[in-house]
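# Structural description and commentary
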Amino acid sequence: MTVSNDGESGLENQDEQGKRDKLIRRKQEWAAEGRLLTGNNGNRETDRLPPGQRLVQNWPVLDLGVHPDIPRDKWRLWIDGAVANPQKLDWAGFQALPQSQSVSDIHCVTAWSRYDNRWRGVLVRDLLDLVKPRPDAQHVILHSYDTYTTNIPLAEFADEDVLLATHWQDEELTLEHGGPLRLILPKLYFWKSAKWLKRIEFAVFDKPGFWELRGYHNHGDPWEEERYDD
Ligand SMILES: Nc1nc2c(c(=O)[nH]1)N[C@H]1C(S)=C(S)[C@@H](COP(=O)(O)O)O[C@H]1N2
Ligand SMILES: [Mo]
């Protein structure tokens, strides 16, 4: 669903809000029940599919139901916090950064995995060269245009396979999958890969995000089945 603010009656908005709240509550209940947990750890050296996951060929859409449509000329990306060289990039500024590709698998906490996704965009490594995190920066908090947030340890955010993606399989990312820009962090469950990225905040202290405050694991390693908070 694409949400536009004007022209919608209050009733429709309440309806949508009600559906959203229900979905969030259900996911919180799953977290509390420890649903989908197998109790087996996988072997990341020898296996490809993490424990409790099943392979899909399609690409499901999962989010809070609001797909913020930001025109390219209004789009900005803020990179700030504990960095020596904070940035506010417009679309042209982002495009001027070195462009790279990477292929990786998606593992979603709701138990679907999708292999061999080809991403294009800017490697986080190249972004870090530009903004230069301070030595006391340990955490990264991602903020999105739909108000979603999520937290990642800087060491894992800085991994060589982490990418700010604009393209999937050589096509521009669609709005429902987080276009124009989302994170791709292959080694953690997909809820850490924020769609509609707006701000990358480097922080000295950790700050749990939307799902981390609602029963999801703070870290989210699929091979350790870190689906939910203990
Ligand atoms: N901004 C934003 N990013 C988000 C979410 C969201 O609701 N808002 N949902 C997360 C969750 S729970 C998942 S599983 C993936 C889903 O990405 P997809 O819809 O492209 O499959 O996006 C993650 N990133
Ligand atoms: Mo998710």
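Residues numbered from 1 in each chain as written. Chains lettered and ligands numbered in written order. Predicted model: local features only at pLDDT ≥ 70, side-chain atom pairs only at ≥ 80, totals over all residues. Heavy atoms only, no water.

Scanning the protein from terminus to terminus reveals four helices and eleven strands. Since a compact globule built from 230 residues should have a radius of gyration of about 17 Å, the 18 Å found for the protein is in line with a globular shape. Counting only C-alpha atoms, the protein reaches 50 × 45 × 35 Å along its principal axes. Considering the protein as a whole, with its 230 residues, one finds that 48% of them fall into the buried category. Long-range contacts, defined here as pairs at least 24 residues apart, represent 71% of the contacts in the protein between residues at least 6 apart. Per element, the accessible surface of the protein, about 11,500 Å² overall, is 48% carbon and sulfur. Computed over 29 positive and 38 negative side-chain charges, the separation of the two mean positions in the protein equals 2 Å. (Helix = DSSP H or I, 4+ residues; strand = E, 2+ residues; numbered from the N terminus. Rg over C-alpha atoms; globule rule 2.2 N^0.38 Å. Buried < 20%, exposed > 50% of the residue type's maximum accessible area, 1.4 Å probe, protein only. Contact = heavy atoms within 4.5 Å. Areas by Shrake-Rupley, 256 points an atom, 1.4 Å probe, with all protein chains shown as cover. Lys, Arg positive; Asp, Glu negative; His and termini not counted. Charge placed at Lys NZ, Arg CZ, Asp CG, Glu CD.)

Moving on to the nonpolar core. Membership of the largest hydrophobic core comes to 45 residues, with the highest contact counts inside it found for Phe157, Ile200 and Phe202. Where this core is concerned, the elements lending two or more residues are α1 (10-33), β2 (76-81), α2 (91-95), α3 (124-131), β6 (139-144), α4 (154-157) and β11 (197-203). A per-element tally of this core places α3 first, with four residues. The next biggest cluster of nonpolar side chains, apart from the first, holds twelve residues, and it includes Val56, Cys108, Leu163 and Ile184. (Core = buried A, V, L, I, M, F, W, Y, C linked by side-chain atoms within 4.5 Å.)

Attention shifts here to the pattern of salt bridges. Between side chains of opposite charge, a pair can form when the charged atoms approach closely. Inspection of the entire model under this criterion finds 17 salt bridges. Residues arginine 134 and aspartate 136 are paired through a salt bridge, measuring 3.0 Å at the closest nitrogen-oxygen approach. Judged by its relative accessible area of 37%, arginine 134 is partly exposed. For aspartate 136, a relative accessible area of 33% puts it in the partly exposed group. Among the salt bridges present, the one from arginine 227 reaches glutamate 225, with a minimum N-O distance of 3.0 Å. Across the pair, exposure class does not vary: arginine 227 and glutamate 225 are buried alike. Connected through salt bridges with shared partners, the residues Asp80, Arg199, Glu201 and Lys207 form a single ionic network. (Salt bridge = Lys/Arg side-chain N within 4 Å of Asp/Glu carboxyl O.)

For the structure on display, the rule yields three cavities of 30 Å³ or more. What the largest cavity holds in volume is close to 320 Å³. As for the largest cavity, its lining consists of 24 residues, and the residues nearest its centre are Leu62, Asp63, Tyr148, Trp191 and Lys195. Class assignment of the residues belonging to the lining of the largest cavity gives a composition of 15 nonpolar, four polar and five charged. (1 Å grid on protein atoms, 1.4 Å probe; cavity = no way out; pocket = protein on both sides within 12 Å on 5 of 7 lines; lining within 4 Å. Points joined across faces, edges and corners; volume = space filled by probe spheres on them. Nonpolar A, V, L, I, M, F, W, Y, C, P; charged D, E, K, R; others polar.)

What follows concerns the environment of serine 193. By secondary structure assignment, the location of serine 193 is in the loop between β10 (182-184) and β11. Classification of serine 193 by relative accessible area gives buried; the value is 3%. Excluding anything up to four places from it in sequence, serine 193 contacts Arg182, Leu183, Ile184 and Leu185.

Take the sheet that holds β2 next. Spatial ordering of the open sheet is given by β3-β2-β11-β6-β7, a layout of five strands whose pairing is mixed. Of all strands in the sheet, those bounded by a partner on one side alone are β3 (87-90) and β7 (149-153). Across the sheet, the mean angle from the axis of one strand to that of its neighbour is 15 degrees, orientation sign disregarded. Pairing of β6 with β11, which is carried by six bridges, proceeds in the antiparallel orientation. Residue pairing for β11: isoleucine 141 is matched across the bridge by glutamate 201. (Pairing = 2+ DSSP bridges. Axes fitted to C-alpha atoms, helices over the stretch in contact; angles between N-to-C directions.)

Let's shift gears to the site of ligand 1. Around ligand 1 there are 20 residues in total, and Pro60, Asp146, His177, Arg182 and Lys195 lie nearest to it. Within the side chain of aspartate 146, a nitrogen or oxygen atom sits 2.8 Å from a nitrogen atom of ligand 1. Here arginine 182 contributes a side-chain N or O atom positioned 2.7 Å from an oxygen atom of ligand 1. One can see that ligand 1 is located within the largest cavity. (Near = heavy atom within 4 Å. Polar contact = N/O pair within 3.5 Å; in protein donor to acceptor, adjacent residues only side chain to side chain. Sits in = over half its atoms within 2 Å of the grid points.)

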